[in-house]
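Summary of structural features
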Amino acid sequence: MKKSMMRWFVFIAIAILGIGSAAFAADTPDGKALYEAKCAICHGKNGVAKSTAKGAANLNDPKFQEANTQAAIAAIITDGKGKMKGLKDKLTPEQVTAVAAHVKTLK
């Protein structure tokens, strides 16, 4: 009886951990998907600004990448810059952080 009870306990523990980790993964914003939905229309999927978005930064430009930390990019996403309006009313702080992290991968 003890072995079967121990197996049951292990099964329940594994199930709880699995559900918990899946829930955590579901709560983590997908920076790339958000970028493609909210930013790529002007900045392009690969970070190269579209010609129709005059004044938009080339986010994959090494000079841009070097000059802007992830926190600075998050501030631009939140508050806007130049013609770009801030997205503080459209994205949560966690989503902004995820998008900024994705922008830092555009090289």
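Look up a bit, the structure's there.
Each residue is numbered by its place in its chain's sequence as written, counting from 1. With the structure being a predicted model, the display of local features is reserved for residues of pLDDT at least 70 and the display and counting of side-chain atom pairs for 80 or more, all residues being used for whole-chain, interface and lining totals. Excluding hydrogens and water, the side-chain figures rest on all heavy atoms present in the structure.

1. Notes on the layout of surface pockets
Counted only if it meets this: Using protein atoms alone on a 1 Å grid, points that fit a 1.4 Å probe yet trap it form a cavity, whereas open point sets bounded by protein on both sides within 12 Å along at least five of seven lines form a pocket; residues with an atom within 4 Å of a point count as lining. Grid points are joined across faces, edges and corners, and a volume is the space filled by probe spheres set on the points. Each helix is a run of DSSP H or I of at least 4 residues and each strand a run of E of at least 2, with the numbering of both proceeding from the N terminus. Nonpolar residues are Ala, Val, Leu, Ile, Met, Phe, Trp, Tyr, Cys and Pro. Charged residues are Asp, Glu, Lys and Arg, and all others, Gly as well, are polar.
Quantified by volume, the largest pocket comes out at close to 630 Å³. In terms of lining residues, the largest pocket is bounded by 25 residues, among which Cys 42, His 43, Ala 56, Lys 81 and Met 84 are the most central. Of all the elements in the fold, those that place two or more residues in the lining of the largest pocket are α2 (31-38), α3 (40-43), α5 (70-79) and β2 (84-85). Taken together, the residues that form the lining of the largest pocket break down as 15 nonpolar, four polar and six charged.

2. Considering the packing of α2 against helix α6 (residues 93-103)
Selection rule: Axes here mean lines fitted to C-alpha atoms, for a helix over just the part in contact, with angles spanning 0 to 180 degrees between N-to-C directions. Should an angle fall under 35 degrees it is taken as roughly parallel, and over 145 as roughly antiparallel, whereas 65 to 115 is taken as roughly perpendicular and any remaining angle as oblique. By definition in these notes, contact holds between two residues if any of their heavy atoms fall within 4.5 Å.
α6 packs onto α2 with a crossing angle of 90 degrees between their chain directions and a minimal axis gap of 8 Å. In terms of orientation, α2 lies roughly perpendicular with respect to α6. Here α2 contributes Gly 31, Lys 32, Leu 34 and Tyr 35 to the contact with α6, which in turn contributes Gln 95, Ala 98, Val 99, His 102 and Val 103. Per-class residue counts for the contact of α2 with α6 are five nonpolar, three polar and one charged.

3. Overview of the nonpolar core
For the record, the criterion: Buried Ala, Val, Leu, Ile, Met, Phe, Trp, Tyr and Cys residues form a nonpolar core when they are joined through side-chain atoms within 4.5 Å. Relative accessibility thresholds used throughout: buried, under 20% of the residue-type maximum; exposed, over 50%; partly exposed, between the two (1.4 Å probe, protein chains only).
Core analysis: the biggest nonpolar cluster contains 16 residues, and Tyr 35, Leu 59, Ile 73, Ile 77, Leu 91, Val 99 and Val 103 have the highest contact counts within it. When residues of this core are traced back to their parent elements, those giving at least two are α2, α5 and α6.

4. A few points about α2
Working note: α-helix, 3.6 residues per turn, so residues spaced by three or four point in the same direction. Test applied: Here the arc refers to the set of directions running from the helix axis out to each C-beta atom.
For α2, every residue scored as buried is listed here: Gly 31, Leu 34 and Tyr 35. The arc enclosing the buried residues of α2, seen along the axis, measures out at 100 degrees, which places them on a common side. Check the buried side of α2 and you find it contacts α3 and α6.

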